[in-house]
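For reference, the chains in residue letters:
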Amino acid sequence: MKNHSFFYRNGLSIVFLSLLFICLAAQTLTGWQEFNDELKDLHLPPVRLLPYLASPHFFEATFENWESEFLQMGMYVILTVKLRQWGSAESKDLDKKEEVDREPKPSKDAPWPVNKGGWWLRLYKHSLSLAFFGLFIVSFWLHFMGSRGHYNLEQSARGLPTETAAAYLSNPKFWFESFQNWQSEFLSVASIVILSIWLRQWGSPESKPVDAPHSETGK
């Protein structure tokens, strides 16, 4: 095995995590300013930056997006097990079995749940989708709490009744926030599934080889 540098071995995750923190910092600063403008309009005192990180406005804005990302990836992982798309680089072959379909075999290099077997192996065989859906549930709940807190803050400032958690579950504001993000995530998945049939990106593992026929399914 070649002695690659740490960045070469982990460049993709490093760059994406860096972009995440840069954008999250920018969202925090601009969201903080927007929230204080809202508070001013409601005749409420402004909040400092650190308390803003625990505010319902920050939770609502952050986790309504995170929940849609985790839902998208969880659905993508699950649906690509059985469903196919002719010609797509994101689909398994229409006819033949793929390497990911074979049953796991214990070996010295296999992850420990494979060698352990039993329930550990059963869970590990579905650990990726379970992780995504678990993160979706946590993000969904945090979005719900932030959205409800923000809504009740505005209601209280205007002298209007607030809503309990049970009542807010049927509030169209909360579901509008969710569905507007969910539909965009499903659009992005459908776009790469369909566009990869005819379009190419040289060097990307998410694309077929540039000279591959449109009918070739899978990478």
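Scoring rules and cut-offs
Residues numbered from 1 in each chain as written. Predicted model: local features only at pLDDT ≥ 70, side-chain atom pairs only at ≥ 80, totals over all residues. Heavy atoms only, no water. Helix = DSSP H or I, 4+ residues; strand = E, 2+ residues; numbered from the N terminus. Rg over C-alpha atoms; globule rule 2.2 N^0.38 Å. Buried < 20%, exposed > 50% of the residue type's maximum accessible area, 1.4 Å probe, protein only. Contact = heavy atoms within 4.5 Å. Areas by Shrake-Rupley, 256 points an atom, 1.4 Å probe, with all protein chains shown as cover. Salt bridge = Lys/Arg side-chain N within 4 Å of Asp/Glu carboxyl O. Core = buried A, V, L, I, M, F, W, Y, C linked by side-chain atoms within 4.5 Å.

Student: Which parts of the structure should I look at to understand the overall build of the chain?
Tutor: The helix and strand inventory of the chain stands at eight helices and zero strands. Starting at the N terminus and walking to the C terminus, you meet the elements of the chain as α-α-α-α-α-α-α-α. For the chain, the C-alpha radius of gyration of 23 Å lies well beyond 17 Å, the compact-globule estimate for 219 residues. Its C-alpha atoms put the chain at 65 × 45 × 40 Å along the principal axes. Here the chain holds 219 residues, and 30% of them are scored as buried. For the chain, contacts bridging at least 24 residues in sequence account for 57% of all contacts bridging at least 6. Here the chain has roughly 15,000 Å² of accessible surface; of this, 67% comes from carbon and sulfur atoms.

Student: Can you walk me through the pattern of salt bridges in this structure?
Tutor: Side chains that differ in charge, positive against negative, can pair when their charged atoms come close. Under the definition given, this model contains five salt bridges. Between Lys 125 and Glu 103 there is a salt bridge, with the nearest N and O atoms lying 3.3 Å from each other. In this pair, Lys 125 is assigned in the loop between α5 (118-124) and α6 (127-157) and Glu 103 in the loop between α3 (56-82) and α4 (112-116), connecting sequence segments 22 residues apart. Across the pair Glu 177 and Lys 173 runs a salt bridge, and its minimum N-O distance is 2.6 Å. In this pair, Glu 177 and Lys 173 both sit in helix α8 (residues 172-198), four residues apart, roughly one turn of the helix. Given the relative accessible area of 7%, Glu 177 is considered buried. Through salt bridges with shared partners, a single ionic network connects Glu 60, Lys 173 and Glu 177.

Student: Sorry, what's going on with the nonpolar core here?
Tutor: Generally speaking, soluble globular proteins have nonpolar side chains that are buried together. Core analysis: the largest hydrophobic core is formed by ten residues, namely Phe 70, Leu 71, Phe 132, Phe 136, Phe 140, Phe 144, Tyr 151, Tyr 168, Phe 174 and Trp 182. Elements supplying a minimum of two residues to this core: α3, α6 and α8. The leading source of residues in this core is α6, at five residues. If we skip the residues at most four places from it in the chain, Leu 71 touches Phe 133, Phe 136, Trp 182 and Phe 186.

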